[in-house]
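# Fold and contact review
The residues making up each chain are set out below.
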Amino acid sequence: MADVKDAELISQLEWLGYERSLVYKVLALTGLRKSELASIKVGQVWLEEKQPHLELKAKDEKAGKGAQIPLRIDLVNEIREFMTKKLQRLREQSQKNNTPVPVRLPSPTPLFYVPRDFIKIFNRDIAAAGISKHDDRGRTLDVHALRHTFGTHLSKAGVPPR
């Protein structure tokens with residue numbers, strides 16, 4: 001019995017690490033704020049469009065206008081794979097609980113689990129990875145710094161700041 005519980009715990013931790021790594025990547029490659037990413041539901045993910053994007057509702061965006069956040073093709077593929085695996089996990093859980101097995105992820109399902117204490121989790125993750133919170137120039141690595149990474153990528157690609 002302990003082996004089954006250990007295997008389930010290991011599976012949950014592996015999933016958590018997988019999801020969290022993708023959350024960090026999405027934050028760095030979209031410029032979304034933590035709260036904006038947390039607001040994205042499955043029904044706001046448009047991967048099959050000519051320009052795949054995440055739909056940000058006006059009520060969830062700082063500017064209050066709403067936005068379509070374009071996605072790089074590599075990120076589209078990773079999100080698609082993540083959603084497939086998330087559906088598979090949901091189906092397995094439904095079978096285990098003897099509840100109806102979903103055909104697809106329900107639209108109101110959050111795309112990612114972004115807990116309230118996400119900033120503390122980020123700090124623990126970078127410490128566990130051996131990444132310093134501060135660099136030699138005194139800059140701080142935090143969740144918001146991922147937005148700056150996105151801005152740097154845009155600048156290097158020649159995109160004007162406005």
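Below is a summary of the structure that appears in this document. (Residues numbered from 1 in each chain as written. Predicted model: local features only at pLDDT ≥ 70, side-chain atom pairs only at ≥ 80, totals over all residues. Heavy atoms only, no water.)

Moving on, we get to the sheet that holds strand β1 (residues 45–46). Across a sheet, strands are paired by hydrogen bonds formed along the backbone, either parallel or antiparallel in direction. Spatial ordering of the open sheet is given by β1-β2-β3, a layout of 3 strands whose pairing is antiparallel. If you trace the sheet from one side to the other, it starts and ends with β1 and β3 (67–70), each paired once. Bridge count between β1 and strand β2 (residues 53–56): 2 bridges; the pairing is antiparallel. Residue pairing for β2: Val45 is matched across the bridge by Leu54. (Pairing = 2+ DSSP bridges. Helix = DSSP H or I, 4+ residues; strand = E, 2+ residues; numbered from the N terminus.)

As enumerated under the stated definition, the model contains 10 salt bridges in all. Between Arg80 and Glu48 there is a salt bridge, and its shortest N-O distance comes to 3.1 Å. Taken as a pair, Arg80 in helix α3 (residues 73–97) and Glu48 in the loop between β1 and β2 lie far apart in primary sequence, 32 residues in all. Salt-bridge contacts for Lys85 lead to Glu81; the nearest nitrogen and oxygen are separated by 3.0 Å. Taken together, the residues span about one helical turn, with Lys85 and Glu81 both in helix α3 at a distance of 4 residues. (Salt bridge = Lys/Arg side-chain N within 4 Å of Asp/Glu carboxyl O.)

The hairpin formed by β1 and β2 contains 6 residues between the paired strands. Direction of pairing for β2 relative to β3: antiparallel, over a ladder of 4 bridges. By the bridge assignment for β3, Glu55 is matched with Gln68.

In this section: α3. Here α3 is 25 residues long and its end C-alpha atoms lie 36 Å apart, about the 36 Å a rise of 1.5 Å per residue gives. What α3 keeps buried is the set Leu75, Val76, Ile79, Phe82, Met83, Lys86, Leu87 and Ser94. Looking at the residues trailing α3, positive phi occurs at Asn98, about 60°. (Expected span 1.5 Å × (residues − 1). Buried < 20%, exposed > 50% of the residue type's maximum accessible area, 1.4 Å probe, protein only.)

What follows concerns a nonpolar patch on the surface. Taken together, Leu9, Leu13, Leu16 and Tyr113 make up a surface patch of nonpolar side chains, about 400 Å² in accessible area. Position of Leu16 relative to the elements: it lies in helix α1 (residues 2–30). Residue class for Leu16 comes out partly exposed when judged on its relative accessible area of 30%. (Patch = residues over 30% accessible without salt bridge, like charges linked within 9 Å, V, L, I, M, F, W, Y side chains within 5 Å. Areas by Shrake-Rupley, 256 points an atom, 1.4 Å probe, with all protein chains shown as cover.)

Ranked by internal contacts, the top residues of the largest apolar core, which has 34 residues, are Leu54, Ile79, Met83 and Phe112. Only α1, β2, α3 and α4 (118–128) provide two or more residues apiece to this core. Per-element tally for this core: the top contributor is α1, with 8 residues. Those residues in contact with Ile79 that lie beyond four places of it in its chain are Leu22, Val26, Val45, Leu47, Leu71 and Leu111. (Core = buried A, V, L, I, M, F, W, Y, C linked by side-chain atoms within 4.5 Å. Contact = heavy atoms within 4.5 Å.)

Here Leu146 shows up in helix α5 (residues 145–156). Put simply, Leu146 and Asp117 are 29 residues apart on the chain and 17 Å apart in space, counted from C-alpha to C-alpha. Residue contacts for Leu146: discarding those within four places in its chain leaves Tyr24, Leu27, Ala28 and Phe122.

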